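# Remarks on the overall topology
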Amino acid sequence: MIDYQINPAPMGGVEKEIYEDGRVHINLNGRLGVIKAPRNLIVDDVEIEPGHELQFFFSYIRIVENPYEYDSSDLNPDYGITPTLVGGKLIQVNDTAVEAEIMDTPVEDLRFILKTKELNDALSKESLQNHFGHEVGCTIRDSVKKYQMFGDYTYMHILSRTAAACDARMAGCPMAAMSNSGSGNQGISATMPVVVYAEDHNATEEQMIRALTLSHLTVIYIKQSLGRLCALCGCVVAATGSACGITYLMGGTYQQAEYAVKNMAATLTGMLCDGAKPSCSLKVASGVSTAVMCAMLAMENKSVTAVEGIIDDSVDQSIRNMTKIGKDGMMTTDRLVLDIMTNK
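Note that the structure is a prediction, hence the values are computed from the model and not measured.

## Some thoughts on the pattern of salt bridges
- Throughout the structure, instances matching the rule amount to 11 salt bridges.
- The salt bridge partner of Glu 118 is Lys 115, with a shortest N-O separation of 3.2 Å. Here the residue Glu 118 and the residue Lys 115 both occupy positions in helix H1 (residues 114-129), the gap between them amounting to three residues, near one helical turn.
- In this structure, a network of salt bridges that share partners links the residues Lys 117, Asp 121, Lys 125, Arg 161 and Glu 199.

## Things to note about the side chain of Arg 161
- Relative to the elements of secondary structure, Arg 161 occurs in helix H3 (residues 154-170).
- Under the relative-accessibility criterion, Arg 161 is labelled buried at 16%.

## Some remarks on helix H6 (residues 234-249)
- For H6, which comprises 16 residues, the first-to-last C-alpha distance of 23 Å matches the rise-based estimate of 22 Å (1.5 Å per residue) to within 8%.
- Counting buried positions over the 16 residues of H6 gives 15, a clear majority of the element.
- Looking one or two places after H6, you find Gly 251, whose phi comes out positive at around 95°.

## Brief notes about a nonpolar patch on the surface
- There is a patch of nonpolar side chains on the surface, built from Met 293, Met 296 and Leu 297 and spanning about 260 Å² of accessible area.
- Its location among the elements puts Met 296 in helix H8 (residues 280-299).
- The exposure class of Met 296 is partly exposed, given its relative accessible area of 46%.

## Regarding the pairing of strand E3 (residues 33-38)
- Counting buried positions over the six residues of E3 gives six, a clear majority of the element.
- Taking every second residue as pointing to the same face, both faces of E3 are buried, with Gly 33, Ile 35 and Ala 37 on one and Val 34, Lys 36 and Pro 38 on the other.

## Quick look at the side chain of Lys 223
- The residue Lys 223 is located in helix H5 (residues 205-226) in this model.
- No salt bridge is formed by the buried Lys 223; the nearest opposite charge belongs to Asp 334, separated by 12 Å.

What counts and how
- Residues numbered from 1 in each chain as written.
- Predicted model: local features only at pLDDT ≥ 70, side-chain atom pairs only at ≥ 80, totals over all residues.
- Heavy atoms only, no water.
- Salt bridge = Lys/Arg side-chain N within 4 Å of Asp/Glu carboxyl O.
- Helix = DSSP H or I, 4+ residues; strand = E, 2+ residues; numbered from the N terminus.
- Buried < 20%, exposed > 50% of the residue type's maximum accessible area, 1.4 Å probe, protein only.
- Expected span 1.5 Å × (residues − 1).
- Patch = residues over 30% accessible without salt bridge, like charges linked within 9 Å, V, L, I, M, F, W, Y side chains within 5 Å.
- Areas by Shrake-Rupley, 256 points an atom, 1.4 Å probe, with all protein chains shown as cover.
- Lys, Arg positive; Asp, Glu negative; His and termini not counted.

Any link to function would need more than the numbers given here.
This is the structure:
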């Protein structure tokens, strides 16, 4: 546990080089040294290019044995930002400056997340080859030729393959689904849109791994304040995670991922849960459809603002507003839904 506070100070620098692996070489103003940071740590509304000036908040570098074992819960900055501790290593040291490289979590430490793809994708493929539940996935796929409502593009593939996995699961297919926060449908919704987008757009395995990790961690983060069961449909939460994963695969920044979350909270908050049943695949399809739309809006730097509804300037507060509605505000809804279901 960290037992001290930090007060990050604003510093400036210039982007000097962008490496093939996505790291950005930054020369600090005042001849203070060099930092190499992952691209996803830089919030920018324009394409990053060498020569761009930037500003960031910085405290100090502390030498530790394991740069990944820390707890940032006690950090209290004087600025309106959320500080993050990051690990790294010193590359060069001289009398006046150091060169430090900020590290991402090694991809090998995240490879386990591919099990979500293995299980949920197998379930989806089984469903598309057979007939389960309301056949939402098959209907969307077949509509390309039959109704000419969808084109044979990524959007249709995401809806079809995600809904198909839910069709099979809710109709009793004897195959496993990888869950998230105790829910198979949430695991499917956090996994399949990311997998489909990654495959359709030839993402690398590492990009898929990191996008899936982001998606699932976003769902877990939201569920912490929502609770395991409530009247708010879990696809709202899970699809929010996949919106972040898709934004990442599109090349989005941290800020654009925030936009995706805010757009999702503004759109789907209030969708009720009326039990586990075959028609859950309809809600899953609606959730991931919205996720695609919100990710595209985010990539265009379009976000629902704090003057609109339940959305706050802070993405964390926006999430808490959404979960408060689901956990507290919809308690009466929960009782009414149960009453209708047991008395019809």
